[in-house]
Amino acid sequence: MTTDVVIRATDLAKTYRTPFRRKKVEALRGVSFEVRKGEVFGFLGPNGAGKTTTIRCLMSLCAITGGSASILGQPVPSRAARQRLGFLPEQPYFYDYLTVNELLDLGGRLFGIAAAERRRRADTLIERVGLGNARGQSLKKFSKGMLQRAGLAMALINDPDLVVLDEPMSGLDPVGRKEVRDLILELRDAGKTVFFSSHILSDVEQISDRVAIVVGGKIEDVGRPRDLVGRAPLGTEVVLAIVDDADGAKDATAAIAARAEKVRATPGELLAVIGPGADVDDFLVFAHRHGAKIISVMPRYETLEDLFLRRVAASHRGSAPEAVPP
Amino acid sequence: MMGRLWAIGLNTFREAARIRVLYGILMLVIGVNLLAIVLGEMSIHEQARVARDAGLAGISLFGSLTAIFLGVFLLYSEVQRRTIYAIVTKPIARWEFVVGKYLGMVLVLSVLVALFSAAMLALLTWQGVALSSAIGKAVVLAWCEVLTVAAIAVFFSAFSSPFLSGIFALALFAIGRVTPDLRAAASTADASWIRTVSSATLEIVPDLHLFAISGRSVDGVAASVHGDYVSWGYVAAAAGHGLFWIAALLVLACVIFQRRDFV
Ligand SMILES: Nc1ncnc2c1ncn2[C@@H]1O[C@H](COP(=O)(O)OP(=O)(O)O)[C@@H](O)[C@H]1O
Ligand SMILES: [Mg+2]
């Protein structure tokens, strides 16, 4: 057993049961992954994939119905692990009659932090998440983005070793998203492990050391983004300039298009995609001979987005987590 | 542990202090006391007795209703609004959360009972009604009843909605108040099933009648009830009964809460 594993989920399963209606929803169907010490781990999946459910199980907010999980080396649920854990719920909601100072004070008390230290930490965190101007306001008057920030501060009050964030960027504007991304990277630089979920690919791709793609209650891929996507080029994108009013511009366009796999024409410009097997030099010479000027040539590799969309599309063809008869 | 219980309790107190209805109930209790004085004026010989009875009944009835109201909402809304997510993921045991919430309610209800009593005593003094230690004992008993009723409500709200919990708690409150009738039914009813049901009910219901010593409910000995008939020993025994039920109900509530999914 390696001590470097901070979160371990093994064949995690969760079936929601609605009492009285006898309806069952299989939200997780065997989820396994490991999060290692010091990494930023992105948990990526479309809406309803089971991200929040996985996090609820890890946070022992709900009982696991199959498999097992451990956090910071302790099997879930563990109070010792919670001592070193910070958690931001999805769409966080706090006691709206408190100010952010009072909220953090409550959080600090639950960790048994002494009064002076609680005040010091609360002050630092409030500045850090950019709520310095909102200290005196009750949380009731907070916007969604401000609540998210208050939640982040609440998650960090114990200076945790592991931070779990459920959709930390949702509801934030581009500036807010960037600030959260920067905060996550700061946490990693301070030696902490960050596990966060998102359905927004770019947020995950930009800052994660490793990602897991979850679709329909199952993990489809786990690994470093660049290991997940194929290394072989998918083709080459060539952008050409074609003088519109020149004689034979139409013919030239048609001839070039015939050689390419896919083309998209805009006034004066032509984007041609040529297949991975085709000879790029040959194509460029051909285009040049037909009067086109070469603007750019770019090999195209599979992106995480391609992979993500492929996984989601595949799951729509297969079975999504539907209500199953009891 | 004490620090965590205190943190949850204090927060619960702050939450409850913002509920406007509570201030309305306080006004209502003062109104009942005033009404009692007016009614007392009409029954010349019984003036003092009516005023005291109505005052004490007001404390115990409105105190208990408030206890049910707070008990069924305060725990439930934490789960419903998911404010509990940021709490139980901190190093606190779930039972500490439940007990902390209850302690917060105890704090609120104690303040309310104190305010109710102060209002009653002030009005009685203003009317020139003689006060004795019996009134103090009656207030302590009403306070014990209110705290027991709060535990009943918390117990039900550990597993059901405020509406159902409210119904259940009210039912138990009503049954708990008529234990003498149940006892009579258990021993003298003609139908054997009535006897069985009555004695079974007596086993599973806190005896709230112990706490109600106003003249009306102890028929015929009204005068002595307001005198020194009720000893401090009786008060202690009744409080012990309440404490037993509070502990039992909270243990059950914690066991149920421990197993719940917060989704
Ligand atoms: N409390 C619940 N009761 C029943 N089904 C639920 C509950 N919460 C979530 N689900 C279902 O479980 C699946 C996963 O949901 P969730 O974990 O919230 O997804 P995500 O966070 O990835 O958007 C969905 O199909 C959702 O409808
Ligand atoms: Mg979610």
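Residues numbered from 1 in each chain as written. Chains lettered and ligands numbered in written order. Predicted model: local features only at pLDDT ≥ 70, side-chain atom pairs only at ≥ 80, totals over all residues. Heavy atoms only, no water.

**Quick word on a positive patch on the surface**
Alright, step 1. A cluster of basic side chains, namely A:Lys140, A:Lys141, B:Arg18 and B:Arg20, defines a positive patch on the protein surface.
Alright, step 2. Of note, B:Arg18 is situated in the loop between helix 1 (2–17) and helix 2 (20–42). (Patch = residues over 30% accessible without salt bridge, like charges linked within 9 Å, V, L, I, M, F, W, Y side chains within 5 Å. Areas by Shrake-Rupley, 256 points an atom, 1.4 Å probe, with all protein chains shown as cover. Salt bridge = Lys/Arg side-chain N within 4 Å of Asp/Glu carboxyl O. Lys, Arg positive; Asp, Glu negative; His and termini not counted. Charge placed at Lys NZ, Arg CZ, Asp CG, Glu CD. Helix = DSSP H or I, 4+ residues; strand = E, 2+ residues; numbered from the N terminus.)

**Describing the domain arrangement of chain A**
Alright, step 1. What the domain assignment lists for chain A is domain 1 (5–84 + 160–228) and domain 2 (235–300).
Alright, step 2. On a C-alpha basis, the centres of domain 1 of chain A and domain 2 of chain A stand 45 Å from each other. (Domains from an automatic or database assignment.)

**Some words on the interface of chain B and chain A**
Alright, step 1. In this assembly, 28 residues from chain B lie in contact with 28 residues from chain A.
Alright, step 2. With both chains or domains summed, chain B and chain A bury close to 2,700 Å², and 59% of this area falls on carbon and sulfur atoms.
Alright, step 3. If you sort the residues of chain B by the area they bury against chain A, B:Thr89, B:Lys90 and B:Pro91 come out on top, with a joint share of 24%.
Alright, step 4. The tally of links from chain B across to chain A stands at 3 salt bridges.
Alright, step 5. One salt bridge connects A:Lys14 with B:Asp261, and the closest N-O pair in it is separated by 2.6 Å.
Alright, step 6. Here chain B is connected to chain A by 11 residue pairs in polar contact (both at pLDDT 80 or more). (Contact = heavy atoms within 4.5 Å. Buried area = accessible area lost by both parts, 1.4 Å probe. Polar contact = N/O pair within 3.5 Å; in protein donor to acceptor, adjacent residues only side chain to side chain.)

**Digging into the coordination of the magnesium ion (ligand 2)**
All names here are of chain A.
Alright, step 1. Taken together, Thr52 (OG1) and Glu90 (OE) make up the protein donors of the magnesium ion (ligand 2), found 2.0 to 2.5 Å from the metal. In this pair, Thr52 sits in helix 1 (residues 51–58) while Glu90 sits in the loop between strand 6 (85–88) and helix 3 (100–110), placing the two residues 38 residues apart along the sequence.
Alright, step 2. Residue classification places Thr52 among the buried residues on the basis of a relative accessible area of 16%. (Donors = N, O, S within 2.8 Å, 3.2 Å for Na, K, Ca; no water. Buried < 20%, exposed > 50% of the residue type's maximum accessible area, 1.4 Å probe, protein only.)

**Let's talk about the sheet that holds strand 9 (residues 210–215) of chain A**
Strand pairing within a sheet occurs via backbone hydrogen bonds; the two strands may be parallel or antiparallel.
Residues and elements named next belong to chain A.
Alright, step 1. Overall, mixed pairing links the 6 strands, which are arranged 6-7-8-3-9-10 in an open sheet. Two strands bound the open sheet, and with one partner strand each, they are strand 6 and strand 10 (218–223). Taking the axes of each pair of neighbouring strands and ignoring which way they run, one obtains an average angle of 15° across the sheet.
Alright, step 2. Across the face of the sheet, helix 5 (residues 144–156) comes into contact with strand 6 and strand 7 (162–166) while running at roughly 165° to strand 6. (Pairing = 2+ DSSP bridges. Axes fitted to C-alpha atoms, helices over the stretch in contact; angles between N-to-C directions.)

**A look at helix 2 of chain B**
Residue and element names in this part refer to chain B.
Alright, step 1. For helix 2, with 23 residues, the first-to-last C-alpha span of 34 Å sits near the 33 Å given by 1.5 Å per residue.
Alright, step 2. Leu22, Ile25, Leu26, Val29, Asn33, Ala36, Ile37 and Gly40 are the residues of helix 2 that are buried.
Alright, step 3. Along its buried surface, helix 2 packs onto helix 1, helix 3 (47–80) and helix 5 (94–126). (Expected span 1.5 Å × (residues − 1).)

**Regarding the environment of A:Asp123**
Residue and element names in this part refer to chain A.
Alright, step 1. When you line up the elements, Asp123 lands in helix 4 (residues 115–128).
Alright, step 2. Take Asp123: its relative accessible area is 37%, and that puts it in the partly exposed class.
Alright, step 3. Between the alpha carbons of Asp123 and Arg135 there is a distance of 9.3 Å; along the sequence they are 12 residues apart.
Alright, step 4. Contacts of Asp123, omitting those with residues within four sequence positions, involve Asn101 and Arg135.

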